[in-house]
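Descriptive analysis of the structure
Given next are the chains, with one letter for each unit.
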Amino acid sequence: MEHTVEDILVQQHLGVMRQGAFIPNLACYLLFAKDPSAHFPGCRIRFMRFEGETEKTGENYNLIKDVVIDGCIPRLINKAEQVIAGQLREFSALGKDGRFYVAPEYPRFAWYEAIVNACGHRSYHLRSMVIFVKMFDDKLVIISPGEFPPTVNPRNIYSMHNPRNFFLMEALRFFGTVKCANEGTKRMRAEMLENKLPVPIFSENKDGNVNVTVTLKNDCKQRRMFIESSAAMKVISEIVFITLSEDDKRLANYVAEHGSINVSQA
């Protein structure tokens with residue numbers, strides 16, 4: 001027996017049949033509506049990149065990129081992934097074998113999971129509050145509306161699983177976006193540690209705008225030394241060195257370390 005699309009949606013608790021017509025519920029609307037912001041203005045992600053390590057105001061306002069992402073939740077996640085990936089930097093370190101190795105600013109899974117969690121676990125009762133993703137030189141901050149779900153807090157975040165929007169998260173599981181097995185935050189922590197970065201910081205703000213914040217720190221000051229605190233500085237004047245591109249600095253570092261370089265090494 002073939003099932004209609006409506007049958008499947010009803011089976012997955014995404015709506016009901018009433019007098020022969022399918023009536024979507026909130027989760028279904030957020031997942032599939034062309035313009036969910038018509039009824040939920042806050043169903044969007046605002047990506048903001050700031051110059052420096054803090055968000056300033058007034059004449060010193062340091063916003064350098066501002067992207068507003070609209071659409072249903074799968075679109076929000078996919079578009080945010082593209083925007084963030086396009087803004088991330090890579091750092092290079094010279095290994096003991098004389099080769100350069102690339103270290104990502106943040107491991108992909110850590111920031112992607114933070115975006116998915118923000119969309120899946122936020123409070124949609126706060127209809128006009130949007131998700132903010134704020135990128136600074138030293139950190140990436142994801143702010144989602146609402147408190148932690150009941151029984152979840154920053155102390156037990158890695159062991160407690162209590163999705164606020166259960167049927168929405170179940171649908172995302174079928175999409176392959178989440179596993180719904182209390183695995184995501186643990187892997188975020190593991191990926192950050194594997195890349196020698198600080199573990200994610202989870203916090204909750206109940207003063208004024210109620211929100212949950214995830215902060216990923218990139219240790220950029222230490223990683224910048226991979227290129228800038230180099231052996232080449234010993235043989236090339238600092239005045240000349242700082243005018244080089246990052247690729248030129250890598251080449252100069254290699255020559256300073258090894259005395260020579262051939263085409264394939266370059």
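For the structure given in this document, a descriptive report is provided here.

Rules behind the numbers
- Residues numbered from 1 in each chain as written.
- Predicted model: local features only at pLDDT ≥ 70, side-chain atom pairs only at ≥ 80, totals over all residues.
- Heavy atoms only, no water.
- Pairing = 2+ DSSP bridges.
- Helix = DSSP H or I, 4+ residues; strand = E, 2+ residues; numbered from the N terminus.
- Axes fitted to C-alpha atoms, helices over the stretch in contact; angles between N-to-C directions.
- Salt bridge = Lys/Arg side-chain N within 4 Å of Asp/Glu carboxyl O.
- Buried < 20%, exposed > 50% of the residue type's maximum accessible area, 1.4 Å probe, protein only.
- Phe/Tyr/Trp six-rings, centres within 6.5 Å; stacked < 30°, edge-to-face > 60°.

1. Focus: the sheet that holds strand β7 (residues 131–135)
Strands sit in the order β4-β3-β7-β8-β10-β9 across an open sheet of six strands; the sheet is mixed. Among the strands making up the open sheet, the edge pair consists of β4 (63–70) and β9 (201–205). The mean angle between the axes of side-by-side strands here comes to 15°, regardless of whether they run parallel or antiparallel. Of the pairings in the sheet, the one linking β7 to strand β8 (residues 139–145) comprises four bridges and is antiparallel in character. When the sheet's bridge partners are listed, M135 is paired in β8 with L140.

2. Describing the pattern of salt bridges
A complete count under the given rule lists eight salt bridges for this structure. Across the pair R187 and E191 runs a salt bridge whose closest N-O atoms are separated by 3.3 Å. Here R187 pairs with E191, and both are found in helix α6 (residues 184–194), just four residues apart, close to one helical turn. R187 gets classed as partly exposed once you look at its relative accessible area, which sits at 33%. Among the residues examined, E191 registers a relative accessible area of 18% and is labelled buried.

3. Some points on the packing of aromatic side chains
Applying the stated criterion across every chain, the model contains six aromatic pairs. Ring centres of F50 and Y61 lie 6.1 Å apart, and the angle between their planes is 70°; on these two criteria the pair is classed as edge-to-face. On the criterion of sequence distance, the pair formed by F50 in strand β3 (residues 44–50) and Y61 in the loop between β3 and β4 is long-range, its members being eleven residues apart. Residue classification places F50 among the buried positions, given a relative accessible area of 0%. Here Y61 falls in the partly exposed class, since its relative accessible area comes to 39%.

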